[in-house]
Protein chains: 2
Amino acid sequence: MPNNQGIGSIARAMALKQKEISVSEFFQKNRHLLGYDNPTRALLTAVKEAVDNSLDACEEAGILPEITVKILQKAENRFRIIVEDNGPGIVKSQIPKIFGKLLYGSKFHRLKMSRGQQGIGISGAVLYGQLTTGNPSIIISRIDPNRSAYRYEIFIDTKANEPIIQREQIVKWDKPHGTQVEIEIEGRYLRGDRSIDEYVQLCALSNPYATIEYFPPNGTQSLKMKRIIKQLPTPPKTIKPHPYGVELGNLIELLSYTKTKRVVDFLRREFSRVSEQKAIEICQKAGFEPKTSPRKLTREDAEKLYNAINQTKIMAPPLNCLSPIGEEEIISSLKQNFEAQFYSARSRKPEVYRGNPFQIEVGIAYGIRDYPQGESAKLIRFANKVPLLYQQGACALTKAVTGVDWKNYLVNQPKNALPEAPLVIIVHIASVWVPFTSEAKEAIAHYPEIIKETKLALQEVGRELAIFLRKKQIAEYERKRRSIFELYSEEVAKSLQKLSHKDEKEIKRMLHDLIKKFTKKGEI
Amino acid sequence: MPNNQGIGSIARAMALKQKEISVSEFFQKNRHLLGYDNPTRALLTAVKEAVDNSLDACEEAGILPEITVKILQKAENRFRIIVEDNGPGIVKSQIPKIFGKLLYGSKFHRLKMSRGQQGIGISGAVLYGQLTTGNPSIIISRIDPNRSAYRYEIFIDTKANEPIIQREQIVKWDKPHGTQVEIEIEGRYLRGDRSIDEYVQLCALSNPYATIEYFPPNGTQSLKMKRIIKQLPTPPKTIKPHPYGVELGNLIELLSYTKTKRVVDFLRREFSRVSEQKAIEICQKAGFEPKTSPRKLTREDAEKLYNAINQTKIMAPPLNCLSPIGEEEIISSLKQNFEAQFYSARSRKPEVYRGNPFQIEVGIAYGIRDYPQGESAKLIRFANKVPLLYQQGACALTKAVTGVDWKNYLVNQPKNALPEAPLVIIVHIASVWVPFTSEAKEAIAHYPEIIKETKLALQEVGRELAIFLRKKQIAEYERKRRSIFELYSEEVAKSLQKLSHKDEKEIKRMLHDLIKKFTKKGEI
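Each chain has its residues counted from 1, running along the sequence as written. All chains are assigned letters beginning with A, and all ligands numbers beginning with 1, in the order in which they are written. pLDDT decides what is reported in this predicted model: residues at 70 or higher carry local features, side-chain atom pairs at 80 or more are listed and counted, and totals for whole chains, interfaces and linings draw on all residues regardless. Values reported for side chains reflect all heavy atoms of the structure, with hydrogen atoms and water molecules removed beforehand.

1. A closer look at the overall build of chain A
Here is step 1 of the chain: Counting its secondary structure elements, chain A contains 14 helices and 16 strands.
Here is step 2 of the chain: Note on method: radius of gyration uses C-alpha positions; expected globular size equals 2.2 Å times residues raised to 0.38. Computed over C-alpha atoms, the radius of gyration of chain A comes to 30 Å, more than 25% over the 24 Å expected from 2.2 N^0.38 for 524 residues, which places it beyond the range of a compact globule.
Here is step 3 of the chain: Viewed in the frame of its principal axes, chain A has a C-alpha envelope of about 115 × 70 × 70 Å.
Here is step 4 of the chain: Should any heavy atoms of two residues lie within 4.5 Å, those residues are considered in contact. In chain A, of all internal contacts separated by at least 6 residues, the share reaching a separation of at least 24 is 70%.
Here is step 5 of the chain: Values of accessible area rely on a 1.4 Å probe in the Shrake-Rupley scheme; residue burial ignores everything except the protein chains shown. Accessible surface, chain A: about 23200 Å² in total, of which carbon and sulfur atoms supply 50%.
Here is step 6 of the chain: Just so you know, the count uses Lys and Arg for positive and Asp and Glu for negative, and it drops His and the chain ends. Charge coordinates come from a single atom per side chain, which is NZ of Lys, CZ of Arg, CG of Asp or CD of Glu. Distance between charge centroids for chain A: 2 Å, based on 81 positive and 61 negative side chains. Note on conventions: DSSP H or I runs of at least 4 residues are helices, E runs of at least 2 residues are strands, and numbering of each starts at the N terminus.

As structure tokens, this is what we get:
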């Protein structure tokens, strides 16, 4: 143990080692946080990030998405991923930063439903490619048929978290507008569960207005999922934050940055659903003049304002920031993918958590043909229309499904587990801010509001399923009773004929009618 | 759908919205990633981050840790956390950055086992405090009894990810050296499972050389966990990366930054376990002269070097970078915490994943007194001596425990679940780089090497448990057989007496000896 005299030098020595960590370095070392923890998943993650961006860009520009995904195998564990879209393209000056800098993007600072939201998806894929193969990523983009297409080779300077432009050139390209991303990464290609094949199919299911063509590696037959809806859904709008969602610290920050001159205007302009009247009401409750300058408020004033906001009744946030899939669309997608006896879907009304609107949609298909006996239901999760293939166990949507008492709906269910039935369950969360459990965006954090809404939606379709199953049970029961009655009807007919001397045929017909009548009424 | 002519303006409009996202903004919005997803967990997370730092600082300075944790309730859902240590203190100039900037620290860029590793733990707590209460965090630190103690009030400028010094002063403080952190946050205090109370107790279990005094809120009786070992464990050493752990992209980066002039020196100096001879061997395999300049190597050359490294037999990394708890210490800690019939512990030899040494330790206590019938075993997880209380289901250590076939060791186990027995299982992973599933550091990512090692360790203690349980079964069986025999011995004795005319007492003693002899040999 050092004596007290020498202790100061220890602290000084330790101080010399303190250092800034760039966000690129952080995720390079923690690449599993971005979904690159094993080669199979890495390949899927990189494809997902590129396709997410393509779909977002097309939708924002009002373009029906047409996306091509190509996977080329370069060596045993090395693949080249090429994703091309017909989106609006990216202006030249933005290309390097969007692909070569982590925590950069247009989606983080706004409230509007989109697939990307963090600004680390596609640059994370570029980082992983560079880390495992040493190769730059190649981006081609054109924003206008009258302008050139640009081609960039990009690395990331991980120490600075800034792009390095390895090469920049004008190229010939057959697309009038759009973007193509090409990333070489270490990976492994597998088919089946959680494969890129499954991902592409589920993507088509949740984006029925997109056409996606997919070329698997090694010359395997390509797959073209054509759009089944010829129109884009109503585009979601960007909304302002709702006052109920703001936290005290945010409020203080907003007050210090605002350009407004009076608190009443601050409240009206920075938030959604605050009218002049509401703003005055809030000011009164907080105990200061509506025309007070926001910059003059102290921390204590801000806290008063914060409490006043939460004591005032304010309309729920506008919901046009969301773009659900829709009940009909879910059912037709289910029908296209699964042959079943019963289908149902429900889009709940939007709800709010921490001021963020979100909406839960569920769909079920029961009595799937050739479903293995005793197998658990298949759960398919989506967040903002993106299929979630990993970390099912850690997801709030799973918790909601296993938390429903499926026995109430005549479906077998082991304790705390998915129901055991020939059943497919779809759950979709649409939100301006999806709270993922990690940057890999594969599981939803356990917010009670989300779990509650999902359960309610599942209970609604569950009740419909129970009605269907009960009818089926009754029909089955009647069929059995009838067959028992019919077993004896031959003998009864003979005896009746002996007694009545009537025609055997007529007696049999009479008995048949009787059976039908009784079993329907349930009197036998 | 926009026509091709207008499309360019869309891309230009979209470009204007592109923006850099600061890492503070990112985690403020994604605070659940840091462990602040609900008030109960938030309180625990903030305490954990402060205590982790205190323990790390003390150990690095070679000081036996003496830590005080105080929780003061300020309002229904507002608490003030005060954590004080006797560590080496922090030099004045570093205090603002360590507490007021995310991704800043001394532990990220080195390879050595420590509790913190990311540089976002304690600053994350400061951020959460500021977000939910609007208050600055207060830090007092002194590095030497002959110097002043400094007191800082610190905010984080989230847009810039830089500290804001609200106030800076010299204060009187009774500690000769050490640090005190004071953070006010929104939280909820609960006792029982996953509480701060449990955390503090488990902390004492995994750090038997630390004294921790804990003052719960509301005047509840304080708890003083005194050290049971009076000496610090051998301090872990910082090691260089092992060549097998380096990825191609890292290698290219290292080659471009190195100060060495020849590849052979580059290999020797940047990596552990590479002798001059090994370095020459690698160069030969890669096909270039050992004296080639590292800066002159192309990407293709780097790939050759990378392949040559992986084709060369290199000694495993040095293991003095790890500081395990120890088998004896685990058993004595278990004994102190749980009254049981059987204890066992195992520290495996260190192994390597992605070039990082790690070591698994496990301990079990079986036959816990008053354990509820049919309850699952209690699993206690540690990473670098830090108790992991949340996200058990998502953790690789849990997967290892449920993946062991406990029926082999005579313990009941439902499918894919924890065994059902009066059993406590401790698992500890010690590593220079623990791959957590999120920044909240509560669950280990599913690296196959980690799961495999944990299973092997559990199987070892499992086999010992089986021997104990088998002995217990045999003893039980003998006891039963003996009691059956004894049931008839009275009558047998009488008959024998009649036949032999011997003394009844003598006959009974003879019979008793006989029973003992036979049941021991298992012949009856």
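Past the structure itself, the notes keep going.
2. Considering the pairing of strand β7 (residues 162-171) of chain A
Both faces of the sheet carry side chains from a regular strand, because those side chains alternate between them.
All names here are of chain A.
Here is step 1 of the chain: By this definition, two strands are paired if DSSP reports at least two bridges between them. Sheet topology places strand β6 (residues 149-157) next to β7; nine bridges connect them, and they run antiparallel. Bridging across to β7, Phe155 finds its partner in Ile164.
Here is step 2 of the chain: Adjacent in sequence and paired antiparallel, β6 and β7 are bridged by four residues, among which Asn161 carries a positive phi angle near 50 degrees.

3. A look at the nonpolar core
Here is step 1 of the chain: Joining through side-chain atoms within 4.5 Å is the link that ties buried Ala, Val, Leu, Ile, Met, Phe, Trp, Tyr and Cys residues into a set, and such a set is a nonpolar core. Exposure categories follow from relative accessible area, calculated using a 1.4 Å probe and restricted to protein chains: below 20% of the type maximum is buried, above 50% is exposed, and the middle band is partly exposed. Core analysis: the biggest nonpolar cluster contains 234 residues, and Ile425 and Ile444 of chain A together with Ile425 and Ile444 of chain B have the highest contact counts within it.
Here is step 2 of the chain: The contacts of Ile425 of chain B, once residues within four sequence positions are left out, are Gly363, Ile364, Ala377, Lys378, Leu379, Ile380, Val401, Trp406, Pro419 and Leu458 of chain B.

4. Some words on the relation of the copies chain B and chain A
Here is step 1 of the chain: Rotating chain B by 180 degrees and translating it 0.1 Å along the rotation axis places it on chain A, where the RMSD comes to 0.2 Å. Seen this way, the second copy is the image of the first under a two-fold rotation axis.
Here is step 2 of the chain: A shared binding surface is used by both copies, with 100% of the interface residues of chain B retained as interface residues in chain A. Only residues with pLDDT of at least 70 in both copies contribute their C-alpha atoms to the least-squares superposition of the copies.

5. Considering the pattern of salt bridges
Here is step 1 of the chain: A side-chain nitrogen of Lys or Arg and a carboxyl oxygen of Asp or Glu constitute a salt bridge if their distance falls within 4 Å. The final tally for this structure, using the stated rule, is 74 salt bridges over all chains.
Here is step 2 of the chain: A salt bridge links Lys17 of chain B to Glu60 of chain A; the shortest N-O distance between them is 3.8 Å. Taken together, the residues span two chains, with Lys17 of chain B in the loop between α1 (7-16) and β1 (19-20) and Glu60 of chain A in helix α3 (residues 39-61).
Here is step 3 of the chain: Relative accessible area serves as the criterion here: at 43%, Lys17 of chain B is assigned to the partly exposed category.
Here is step 4 of the chain: Between Glu168 of chain A and Lys92 of chain A there is a salt bridge; the shortest N-O distance is 3.2 Å.

6. Focus on helix α10 (residues 299-311) of chain A
Here is step 1 of the chain: How far a helix is expected to stretch is found by multiplying one less than its residue total by 1.5 Å. End to end, α10 of chain A covers 18 Å across 13 residues, agreeing with the expected 18 Å (1.5 Å per residue, within 8%).
Here is step 2 of the chain: Looking only at α10 of chain A, the buried set comprises Arg299, Asp301, Ala302, Glu303, Leu305, Tyr306, Ala308 and Ile309 of chain A.
Here is step 3 of the chain: Against α7 (248-257), α8 (263-270) and α9 (276-286) of chain A together with β3 (78-85) and α5 (121-133) of chain B lie the buried residues of α10 of chain A.

7. Things to note about unusual backbone geometry
Here is step 1 of the chain: Phi angles above zero are rare outside glycine, and Asp370 of chain A is one such case at about 60 degrees.
Here is step 2 of the chain: Within the fold, Asp370 of chain A resides in the loop between β13 (356-366) and β14 (378-383).
Here is step 3 of the chain: Positive phi values are uncommon outside glycine, yet Arg354 of chain B reaches one of about 45 degrees.

8. Focus on the interface of chain B and chain A
Here is step 1 of the chain: At the interface, 86 residues of chain B touch 86 residues of chain A.
Here is step 2 of the chain: Buried area between chain B and chain A, both sides added, is near 7600 Å², and the carbon and sulfur share of it is 54%.
Here is step 3 of the chain: At the junction of chain B and chain A, the tally comes to eight salt bridges.
Here is step 4 of the chain: In protein, a polar contact means a hydrogen-donor-capable atom and an acceptor-capable atom, both N or O and within 3.5 Å, with residues adjacent in sequence counting only if both atoms are side-chain atoms; elsewhere, any N or O pair within 3.5 Å suffices. Inspection of the region where chain B meets chain A yields 29 residue pairs in polar contact (both at pLDDT 80 or more).
Here is step 5 of the chain: Going through the elements one at a time, α1, β1, α2 (23-29), α3 (39-61), β4 (104-105), α5, α7 (248-257) and α10 (299-311) of chain B are the ones with two or more residues in the side of chain B that touches chain A. What counts as buried area is the accessible surface, traced by a 1.4 Å probe, that two parts surrender upon association, with contributions from both included.

9. Overview of the sheet that holds strand β5 (residues 137-142) of chain A
All names here are of chain A.
Here is step 1 of the chain: Here we have eight strands laid out as an open sheet, ordered β7-β6-β5-β8-β3-β2-β9-β10, and mixed in their pairing. Edge strands, defined here as strands with exactly one partner in the open sheet, are β7 and β10 (223-225). Strand-to-strand twist in this sheet, taken as the mean axis angle between neighbours without regard to direction, amounts to 15 degrees.
Here is step 2 of the chain: In this structure, strand β2 (residues 66-75) lies alongside strand β3 (residues 78-85), joined through seven bridges in antiparallel fashion. Looking across to β3, one finds that Ile71 is bridged to Ile81. Convention adopted: a line fitted to C-alpha atoms gives each axis, helices being fitted over their contacting stretch, and angles between N-to-C directions are expressed from 0 to 180 degrees.

10. A few points about the pairing of strand β6 (residues 149-157) of chain B
Residues and elements named next belong to chain B.
Here is step 1 of the chain: Summarising burial for β6: seven of the nine residues are buried, a large majority.
Here is step 2 of the chain: Note that strand β5 (residues 137-142) and β6 share five bridges and pair antiparallel. Bridge assignment links Ile138 to a residue of β6, and that residue is Glu153.
Here is step 3 of the chain: The loop that links β5 with its antiparallel partner β6 comprises six residues.

11. What about the sheet that holds strand β2 (residues 66-75) of chain B?
All names here are of chain B.
Here is step 1 of the chain: Read across the open sheet, the eight strands follow the order β7-β6-β5-β8-β3-β2-β9-β10; overall the sheet is mixed. If you trace the sheet from one side to the other, it starts and ends with β7 (162-171) and β10 (223-225), each paired once. Direction aside, the axes of adjacent strands within the sheet are offset by 15 degrees on average.
Here is step 2 of the chain: Sheet strands touched by helix α6 (residues 196-206): β2, β9 (211-215) and β10. Its angle to β9, the strand with the most contacts, is close to 170 degrees.

All quantities given are derived from atomic positions and should not be read as evidence of function.
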